[in-house]
Protein chains: 2
Amino acid sequence: MTVKVITVGEKVLVANEVKAKENKDRLDKQRILTINIMSSPGAGKTSLILNTIKLLKNKIRVSVIEGDVASSVDAEKVNAVGIPVIQINTAGGCHLDANMVAPALDDLPLEKTDLLFIENVGNLICTNNYTLGEDKRVMIASMPEGDDKPFKYPAMFADSDVVIVNKTDLQPYLDFKMDAFRKVVTGLNPDVIIFPVSCKTGEGVADWVKWLEKAVKDKKTKKVI
Amino acid sequence: MTVKVITVGEKVLVANEVKAKENKDRLDKQRILTINIMSSPGAGKTSLILNTIKLLKNKIRVSVIEGDVASSVDAEKVNAVGIPVIQINTAGGCHLDANMVAPALDDLPLEKTDLLFIENVGNLICTNNYTLGEDKRVMIASMPEGDDKPFKYPAMFADSDVVIVNKTDLQPYLDFKMDAFRKVVTGLNPDVIIFPVSCKTGEGVADWVKWLEKAVKDKKTKKVI
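Described in the following lines is the structure provided in the data block. Keep in mind it's a predicted model, so treat the numbers as computed, not measured. (Residues numbered from 1 in each chain as written. Chains lettered and ligands numbered in written order. Predicted model: local features only at pLDDT ≥ 70, side-chain atom pairs only at ≥ 80, totals over all residues. Heavy atoms only, no water.)

**Structural notes on the overall build of chain A**
- The helix and strand tally for chain A stands at 8 helices and 7 strands.
- Taking 2.2 N^0.38 as the reference for a compact globule, 225 residues should give roughly 17 Å; the C-alpha atoms of chain A span a radius of gyration of 17 Å, in line with that estimate.
- In terms of overall dimensions, chain A has C-alpha extents of about 55 × 45 × 35 Å along its principal axes.
- Across the 225 residues of chain A, 56% fall into the buried class.
- Of the contacts made within chain A by residues no fewer than 6 positions apart, 73% connect residues no fewer than 24 positions apart. (Helix = DSSP H or I, 4+ residues; strand = E, 2+ residues; numbered from the N terminus. Rg over C-alpha atoms; globule rule 2.2 N^0.38 Å. Buried < 20%, exposed > 50% of the residue type's maximum accessible area, 1.4 Å probe, protein only. Contact = heavy atoms within 4.5 Å.)

Structural data, given as structure tokens:
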């Protein structure tokens, strides 16, 4: 029974890669930097997007795709700050895939977009198996989840270009050891960039935004990013 | 493509139900109260189990099955306090299923067990679709994840007998509105029992343990629980 699931999964993954390549080609033609944001539930994906929009507004044109099992709570928050946003509800599915993203691209003003955030479903396991057409994968680890998460969800940490460690404002009340966390994450993924931030206080967000602005610029000038 | 996955999923779910019934019959015969513990990553499943063992030790005989994508970090913690434990690694699978649990039962001293905890993989989406043979489903919501999680993961909240709200020690530093959370959860699930706890300070854990002791007793005396 388990074997059945895995076999079908592999077929699905190959088909997904084909569609993801189509999405990527489309976004590359328009030179839109596309970021797939992944994390466990409540780690701060929408908060990071909203904080980033605040610093980038009037400089870089942002659009957003929101992925959730149910509700449009997050899309409404993005819409409230005047950013084009499409909500995908997966109806029980635990990750976005490239086929879900394709029609969302039709409904966004891509010709007026420099940076596209795709907020994935809150899940540290399946999301990283499905490429959506993104340039970069950004995962958020929330400090209250503990510093042992890289041991337990290694694939997610290994597959991410950037790891944002959010909720640093809670550090004084937690047993999270940043040095130990950093050591394990870079062991899994030597090229990873780690940004500790607090989306609540804004601490550290500017460093992430600086990295992002450079990546948007690089994508515009067609450099390999 | 999406349709394919769903179709196979349904077949798998039906087959899982059959195996889960076998597990349940086996555990019922031995009158072992079996609890399936679910939550997102880092919400405190293992901490809750360890806190509970501390209060129950010498009164109720506990065994544990630990489910994780990778590592045996949690099983080692349970083993360190002298409790029989089996680790299941799902090798990428985002939930336990009844077939994974069956051989773990073979390896546990069931004849010396009153209470079996099955700690599921950290995931708020797929875990609740797979019955394992449990009597009760307990989910943990971690306060730092935010009070909007019931909107976004409604099935998990609707399917749980008990919702533990963990990390209440962080409440002074969070915007978590307990009343609003409680209202939405009971709207989804009118029969749910909610226990606010802090596995760090121990606050509230005794209430949960009291409920659990009664459930163990009810199972022993063959009442419908």
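**A short note on empty space enclosed by the protein**
- Counted by the stated rule, this structure contains 1 cavity of 30 Å³ or more.
- Here the largest cavity is characterised by a volume of approximately 60 Å³.
- In terms of lining, the largest cavity is formed by 14 residues, of which the most central are S142 and E145 of chain A together with S142, P144 and E145 of chain B.
- Looking at the lining of the largest cavity residue by residue, the classes come out as 4 nonpolar, 6 polar and 4 charged. (1 Å grid on protein atoms, 1.4 Å probe; cavity = no way out; pocket = protein on both sides within 12 Å on 5 of 7 lines; lining within 4 Å. Points joined across faces, edges and corners; volume = space filled by probe spheres on them. Nonpolar A, V, L, I, M, F, W, Y, C, P; charged D, E, K, R; others polar.)

**Examining the nonpolar core**
- Formed by 46 residues in total, the largest nonpolar core has its most connected members in V163, V165 and F181 of chain A together with V163, V165 and F181 of chain B.
- Contributions of two or more residues to this core are made by β5 (136-142), α6 (154-158), β6 (162-166) and α7 (178-188) of chain A together with β5 (136-142), α6 (154-158), β6 (162-166) and α7 (178-188) of chain B.
- Sequence-distant contacts of F181 of chain A, defined by excluding residues within four places in its chain, comprise A141, D147, P150, F157, V163, V165 and F176 of chain A. (Core = buried A, V, L, I, M, F, W, Y, C linked by side-chain atoms within 4.5 Å.)

**Regarding the pattern of salt bridges**
- In this structure the tally under the stated criterion is 36 salt bridges over all chains.
- Notably, a salt bridge pairs K200 of chain B with D175 of chain A, separated by 3.8 Å at the nearest N-O pair. Of this pair, K200 of chain B sits in the loop between β7 (193-196) and α8 (205-220) while D175 of chain A sits in the loop between β6 and α7, each in a different chain.
- Given a relative accessible area of 57%, D175 of chain A falls into the exposed group.
- We note a salt bridge from D135 of chain B to K219 of chain B, for which the minimum N-O separation is 2.7 Å. You can see D135 of chain B sitting in the loop between β4 (115-119) and β5 and its partner K219 of chain B sitting in helix α8, a full 84 residues away along the chain. Of the two residues, D135 of chain B and K219 of chain B, both sit in the buried class. (Salt bridge = Lys/Arg side-chain N within 4 Å of Asp/Glu carboxyl O.)

**Re the interface of chain B and chain A**
- With 42 residues of chain B at the contact, the number on the chain A side is 42 residues.
- Across the interface of chain B and chain A, roughly 3,400 Å² is buried in total on both sides, 65% from carbon and sulfur atoms.
- Summed over the shared surface of chain B and chain A, the number is 8 residue pairs in polar contact (both at pLDDT 80 or more).
- In terms of residue count, the dominant contributor to the side of chain B that touches chain A is helix α1 (residues 2-29) of chain B (6 residues).
- Tallied by class, the residues present in the side of chain B that touches chain A amount to 21 nonpolar, 10 polar and 11 charged. (Buried area = accessible area lost by both parts, 1.4 Å probe. Polar contact = N/O pair within 3.5 Å; in protein donor to acceptor, adjacent residues only side chain to side chain.)

**Considering helix α2 (residues 45-56) of chain A**
- For α2 of chain A, spanning 12 residues, the distance from its first C-alpha to its last is 16 Å, which sits close to the expected 16 Å at 1.5 Å a residue.
- Where α2 of chain A ends, the next residue or the one after it, N58 of chain A, has phi of about 75°, a positive value. (Expected span 1.5 Å × (residues − 1).)

**Considering the sheet that holds β5 of chain B**
Residue and element names in this part refer to chain B.
- Reading across the sheet, the 7 strands line up as β3-β2-β4-β1-β5-β6-β7 and stay open at both edges, with parallel pairing between neighbours. Edge positions in the open sheet fall to β3 (85-89) and β7, since each of these has one partner strand only. Pairs of neighbouring strands in the sheet enclose a mean axial angle of 20°, with direction left out of account.
- As paired strands, β6 and β7 are joined by 4 bridges and run parallel to one another. Note that in β7 the partner of I164 across the bridge is F195.
- In this fold helix α3 (residues 73-80) packs onto β2 (62-68), β3 and β4, with an angle of close to 165° to the strand it touches most, β2.
- Taken strand by strand, helix α4 (residues 98-106) contacts β2, β3 and β4, and its axis lies near 150° from that of β3. (Pairing = 2+ DSSP bridges. Axes fitted to C-alpha atoms, helices over the stretch in contact; angles between N-to-C directions.)

**Description of unusual backbone geometry**
- The phi angle at K167 of chain A is positive, at roughly 70°, despite the residue not being glycine.
- Summarising the element assignment, K167 of chain A is placed in the loop between β6 and α7.
- Here the phi dihedral of N58 of chain B falls at roughly 75°; this positive angle occurs in a residue that is not glycine.
- Along the polypeptide, N58 of chain B turns up in the loop between α2 (45-56) and β2.

No statement about biological role is implied by the geometric values presented.
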